[in-house]
Amino acid sequence: MHYFESIVKIELQKDVKFIECNEFLSTNLFKAMLNDEYLKEIHGKNGFKPYVFSLPYPPNQKTKIYEKNKSYEFTIRSIDERFLKALVMELQLHNGLDFKVQNFKFFKVQQRYIDSLHNISPAVLTLSTQIAKNCHWTLREGDIMMVKERIISNLAKKYKRFFDENLKEHDDIITYFEILNQTPYPLKYKNKTLLSNKFRIAFNSDKTSQKLAFTCMALGMLEKNSLGFGFCVAKTVKALQGLVR
């Protein structure tokens, strides 16, 4: 079990507000995909996409703006090597994007033991209520158990979709759960505001839990990962024999 990762260094051609950066990056990635038939086919499919990406780094914490003519790095992960190599190639070749690719690095990441992880780009959890069909979970709702269940269910579905194996879920897959924000992060996409959150999660050491933890790293936490939501980093990772599929 493994995923592929590319760290891409870019120079922005325009100022971008932090609140609009998910839409900015995803729009430019989609634009690049249209030049390659394989990428175009994946972009057009419904359901889970085989990739997730981070927001650019480093952000300006004071202005909340990514500045024109400055360089930033962002990371794209995918379980599909062909997809990721083709996407990075198109990003380099495309002249009509809002950034220029300066250079990139490419890695293959094997499954390793994950003690805990947290999402450095906010994660979105969509709810259907009596008031609205597509509202977003915030701390005000307070149902923490539901959030944990949705995270596990989402990861199990992604694992089934991309690794073609059903995993038997159990109650103690997540052994620690922390909400890192008191108020939700508002982020713009297509003239809508998506409310999102950051979580810190520790996973059990059994094989099922570790496979789901690695899936979270490879494909992102919760929903809208192809828009840059739910990108995760592991806090403590160490080698563990017998886990690589």
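### A look at the overall build of the chain
Consideration 1: When you go through the chain residue by residue, the secondary structure sums to five helices and 14 strands.
Consideration 2: Taking 245 residues into account, the globule formula puts the C-alpha radius of gyration at 18 Å, and the chain, at 18 Å, falls close to it.
Consideration 3: Referenced to the eigenvectors of the C-alpha coordinate spread, the extents of the chain come out at roughly 50 × 45 × 35 Å.
Consideration 4: The buried share of the chain, reckoned over its 245 residues, is 50%.
Consideration 5: Within the chain, counting contacts between residues at least 6 apart in sequence, those at least 24 apart form 77% of the total.
Consideration 6: For the chain, the accessible area works out to roughly 12500 Å², and carbon and sulfur atoms hold 48% of it.

### Considerations on the pairing of strand β1 (residues 2-12)
Consideration 1: In this structure, β1 lies alongside strand β6 (residues 99-110), joined through 11 bridges in antiparallel fashion. Residue pairing across strands places Phe 4 opposite Lys 108, the latter belonging to β6.
Consideration 2: Relative to strand β5 (residues 71-78), β1 is paired through eight bridges, and the arrangement is antiparallel. Residue pairing across strands places Ile 10 opposite Tyr 72, the latter belonging to β5.

### Structural notes on the nonpolar core
Consideration 1: Leu 117, Ile 151, Phe 199, Ile 201 and Met 221 are the most contacted members of the largest nonpolar core, which totals 37 residues.
Consideration 2: Among the elements that take part in this core, helix α4 (residues 144-163) stands out by supplying nine residues, more than any other.
Consideration 3: Setting aside anything within four residues of it in sequence, one finds Leu 117 in contact with Phe 199, Arg 200, Ile 201, Phe 203, Ala 213, Cys 216, Met 217, Met 221, Cys 232, Val 233, Ala 234 and Lys 235.
Consideration 4: With 36 residues, the next largest nonpolar core counts Tyr 51, Leu 87, Leu 91 and Leu 227 among its residues.

### Points about the confidence of the model for the chain
Consideration 1: When pLDDT is averaged across the chain, the result is 91; 93% of the residues are at 70 or more.
Consideration 2: The least confident element of the chain, judged by mean pLDDT, is strand β14 (residues 232-238) at 73; the most confident is strand β3 (residues 51-53) at 98.
Consideration 3: With pLDDT under 50 throughout, residues 239-245 is counted as low confidence; its partners more than four residues away or in other chains account for 14 contacts.

### Things to note about the sheet that holds β1
Consideration 1: Taken together, the four strands give an open sheet; going across it, the order is β3-β5-β1-β6, and neighbouring strands pair in antiparallel fashion. Every interior strand has two partners, whereas the edge strands, β3 and β6, have only one. Strand-to-strand twist in this sheet, taken as the mean axis angle between neighbours without regard to direction, amounts to 20°.
Consideration 2: Across the sheet, helix α3 (residues 81-93) touches β1, β3, β5 and β6, and the angle it forms with β6 is around 165°.

### What about the packing of α4 against helix α5 (residues 207-219)?
Consideration 1: Following both chains from N to C, one finds α4 and α5 inclined at 80°, their axes separated by 9 Å at the closest point. Taken together, the axis directions place α4 and α5 in an arrangement best described as roughly perpendicular. Residues Ile 152, Leu 155, Ala 156, Lys 158, Tyr 159, Phe 162 and Phe 163 of α4 form the contact with α5, whose participating residues are Lys 211, Leu 212, Thr 215, Cys 216 and Leu 219.
Consideration 2: Looking at side-chain class alone, the contact of α4 with α5 contains nine nonpolar, one polar and two charged residues.

Calculation notes
Along every chain, residues carry numbers that run from 1 in the direction the sequence is written. pLDDT decides what is reported in this predicted model: residues at 70 or higher carry local features, side-chain atom pairs at 80 or more are listed and counted, and totals for whole chains, interfaces and linings draw on all residues regardless. Calculation of side-chain values draws on the structure's entire complement of heavy atoms; hydrogens and water are dropped beforehand. For helices the rule is a DSSP run of H or I covering at least 4 residues; for strands it is a run of E covering at least 2, with both sets numbered from the N terminus onward. Values of the radius of gyration come from C-alpha atoms, whereas the globule rule sets the reference at 2.2 Å times the count of residues to the power 0.38. Burial status follows relative accessibility: with a 1.4 Å probe on protein chains alone, a residue under 20% of its type maximum counts as buried, one over 50% as exposed, and anything between as partly exposed. Any pair of residues with heavy atoms lying within 4.5 Å of one another is described as a contacting pair. For the accessible areas, the method is Shrake-Rupley and the probe is 1.4 Å, while residue cover comes only from the protein chains on display. Any two strands between which DSSP finds at least two bridges are classified as paired. As used in this record, nonpolar core signifies buried Ala, Val, Leu, Ile, Met, Phe, Trp, Tyr and Cys residues forming a set joined through side-chain atoms within 4.5 Å. Summary of the metric used: pLDDT quantifies the predictor's per-residue confidence within the range 0 to 100. Fitting a line to C-alpha atoms yields each axis, with helices limited to the stretch in contact; the angle taken between N-to-C directions then spans 0 to 180 degrees. Working definition: roughly parallel below 35 degrees, roughly antiparallel above 145 degrees, roughly perpendicular at 65 to 115 degrees, and oblique for all remaining angles. Asp, Glu, Lys and Arg are counted as charged, while Ala, Val, Leu, Ile, Met, Phe, Trp, Tyr, Cys and Pro are counted as nonpolar; the rest, among them Gly, fall into the polar class.

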